[in-house]
Amino acid sequence: MPAIDKPDSQLTAVKWRFPSVHPEGRKFALISAFLTLATYSLVSHFLGWLLVLVTIWVATFFRDPIRTTPTDPKLIIAPADGLVTMITHVSAPPELAPELTGDFTRVSIFMSVFDVHINRSPIAGTIRKIAYIPGKFLNADLDKASEDNERQHFLVERDDGVKIAFTQIAGLVARRIMSFVAEGDRVAGGERIGLIRFGSRVDVFLPAGTGSQILLGQRAIAGETILGEIGVDPKRSGSSQ
């Protein structure tokens, strides 16, 4: 009987591995480990063991897992891990005018202190604008956090001119918004573009005619979860149970 050719994807196994710690977090993990050792040696064994747990959490917070991103250019991919807490219709952020105007569907993803905090580009293209706005540190679950909190907007433009905006928003605990890219940089879909310390929210602005494919209450995975397809509105609904 002749052999049947199979696609390479069916012949290749992917093995799980421990996520690496992002370079931005290694210094915090080392500081925590040093304090843990000093406390265990000089103060109290009991407190030292408690700080071991803190050190593990710090290293885990800055974990940087490998993600597999769909390459279809029509897809908009989640830029953050976390819970989808809001899906609403809004106008473009005024800080991105005149490059971006009009009405959008805003998908808000809340990152708890237990989520991966590396943020990724939702599409491939060129970073046309980065706008940082100082502000308050309100609960990132609040709708007004989009206007009152410290935040950083990104505007990415595809080669065909389609523009997608997304925003890092600080929260009650978050005190540092970081960017790994600059205006004019080319990015791939799912490429790492920044992080927020420690726990916050990321908003994604889907253009007119593009509806959310993810539902309220679902969890998003940065670089993997499909938020929408440009020009397609599936009008999905769901129920929590």
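Our subject is the structure listed above.
This text gives an overview of the structure that appears in the document. (Residues numbered from 1 in each chain as written. Predicted model: local features only at pLDDT ≥ 70, side-chain atom pairs only at ≥ 80, totals over all residues. Heavy atoms only, no water.)

### Notes on the environment of F61
Link 1 in the chain: Within the fold, F61 resides in helix α3 (residues 45-61).
Link 2 in the chain: Remark: the alpha-carbon pair of F61 and S112, spanning 51 residues in sequence, is separated by 10.0 Å. (Helix = DSSP H or I, 4+ residues; strand = E, 2+ residues; numbered from the N terminus.)

### Some remarks on the packing of helix α2 (residues 23-42) against α3
Link 1 in the chain: Interaxial distance between α2 and α3 falls to 8 Å at its minimum, and their mutual angle equals 170 degrees. Judged on the interaxial angle alone, α3 and α2 are roughly antiparallel. Facing α2, whose interface residues are F28, A29, S32, A33, L35, T36, T39 and Y40, α3 presents H45, L47, G48, W49, L51, V52, V54, T55, V58 and A59.
Link 2 in the chain: Classifying every residue of the contact of α2 with α3 by side-chain character gives twelve nonpolar, six polar and no charged. (Axes fitted to C-alpha atoms, helices over the stretch in contact; angles between N-to-C directions. Parallel < 35°, antiparallel > 145°, perpendicular 65-115°, else oblique. Contact = heavy atoms within 4.5 Å. Nonpolar A, V, L, I, M, F, W, Y, C, P; charged D, E, K, R; others polar.)

### Some words on the sheet that holds strand β9 (residues 163-169)
Link 1 in the chain: The antiparallel open sheet is built from eight strands, whose spatial order is β11-β7-β8-β9-β13-β5-β4-β14. In this open sheet, the two edge strands, each paired with only one partner strand, are β11 (186-187) and β14 (219-220).
Link 2 in the chain: Taken together, the two bridges between strand β4 (residues 82-91) and β14 define a ladder with antiparallel strand orientation. Its bridge partner being in β14, L83 is matched across the sheet by R219. (Pairing = 2+ DSSP bridges.)

### Here we look at the pattern of salt bridges
Between side chains of opposite charge, a pair can form as their charged atoms come close.
Link 1 in the chain: Counted according to the given criterion, the structure contains 13 salt bridges.
Link 2 in the chain: The residue R106 makes a salt bridge to D203 at a minimum N-O spacing of 3.8 Å. Of this pair, R106 sits in strand β5 (residues 103-111) while D203 is found in strand β13 (residues 200-206), placing the two residues 97 residues apart along the sequence.
Link 3 in the chain: Of the charged contacts, one joins R201 and D203 as a salt bridge, the two residues approaching to 2.9 Å between their closest N and O atoms. (Salt bridge = Lys/Arg side-chain N within 4 Å of Asp/Glu carboxyl O.)

### Side note on the pairing of strand β12 (residues 192-197)
Link 1 in the chain: The buried count for β12 comes to five of six residues, which makes it a mostly enclosed element.
Link 2 in the chain: In the sheet, strand β6 (residues 118-120) pairs with β12 via three bridges, with the strands oriented antiparallel. Bridging across to β12, N119 finds its partner in G194.
Link 3 in the chain: Pairing of strand β10 (residues 176-179) with β12, which is carried by four bridges, proceeds in the antiparallel orientation. What sits directly across from S179, in β12, is G194. (Buried < 20%, exposed > 50% of the residue type's maximum accessible area, 1.4 Å probe, protein only.)

### Section: α3
Link 1 in the chain: Look at α3: 24 Å from first C-alpha to last across 17 residues, which is about the 24 Å you get at 1.5 Å a residue.
Link 2 in the chain: If you check which residues of α3 are buried, you get G48, T55, V58 and F61. Buried residues in α3, looked at end-on, bunch into an arc of 125 degrees, giving them a common side. Across α3 from its buried face, at more than 90 degrees, point the exposed residues F46, W49 and L53.
Link 3 in the chain: The secondary structure elements touched by the buried residues of α3 are α2, β2 (63-64) and β12.
Link 4 in the chain: At the N-terminal end of α3, a side-chain oxygen is found 3.2 Å from the backbone nitrogen of F46, two or three residues along, and the residue is S44. (Expected span 1.5 Å × (residues − 1). Arc of directions from axis to C-beta. Polar contact = N/O pair within 3.5 Å; in protein donor to acceptor, adjacent residues only side chain to side chain.)

### Describing the nonpolar core
Link 1 in the chain: In terms of nonpolar packing, the biggest core is built from 27 residues, with I76, I109, V181 and V204 touching the most fellow members.
Link 2 in the chain: Elements that contribute at least two residues to this core include exactly β5, β7 (125-133), β8 (151-157), β9, β12 and β13.
Link 3 in the chain: In contact with I76, not counting residues within four places along its chain, are P122, I123, I164, V204, L206, P207, T210, T225, I226, L227, G228 and I230. (Core = buried A, V, L, I, M, F, W, Y, C linked by side-chain atoms within 4.5 Å.)

### A closer look at the sheet that holds β10
Link 1 in the chain: Read across the open sheet, the three strands follow the order β6-β12-β10; overall the sheet is antiparallel. If you trace the sheet from one side to the other, it starts and ends with β6 and β10, each paired once. Strand-to-strand, the axes of this sheet are offset by a mean angle of 25 degrees, without reference to chain direction.

### Examining the packing of aromatic side chains
Link 1 in the chain: Enumeration over the complete set of coordinates arrives at four aromatic pairs.
Link 2 in the chain: Residues F28 and F62 carry aromatic rings whose centres are separated by 5.5 Å and whose planes lie at 5 degrees to one another, so their mutual orientation is stacked. Separated by 34 residues along the polypeptide, F28 in helix α2 and F62 in the loop between α3 and β2 bring together distant segments of the chain.
Link 3 in the chain: Residue classification places F62 among the buried positions, given a relative accessible area of 2%. (Phe/Tyr/Trp six-rings, centres within 6.5 Å; stacked < 30°, edge-to-face > 60°.)

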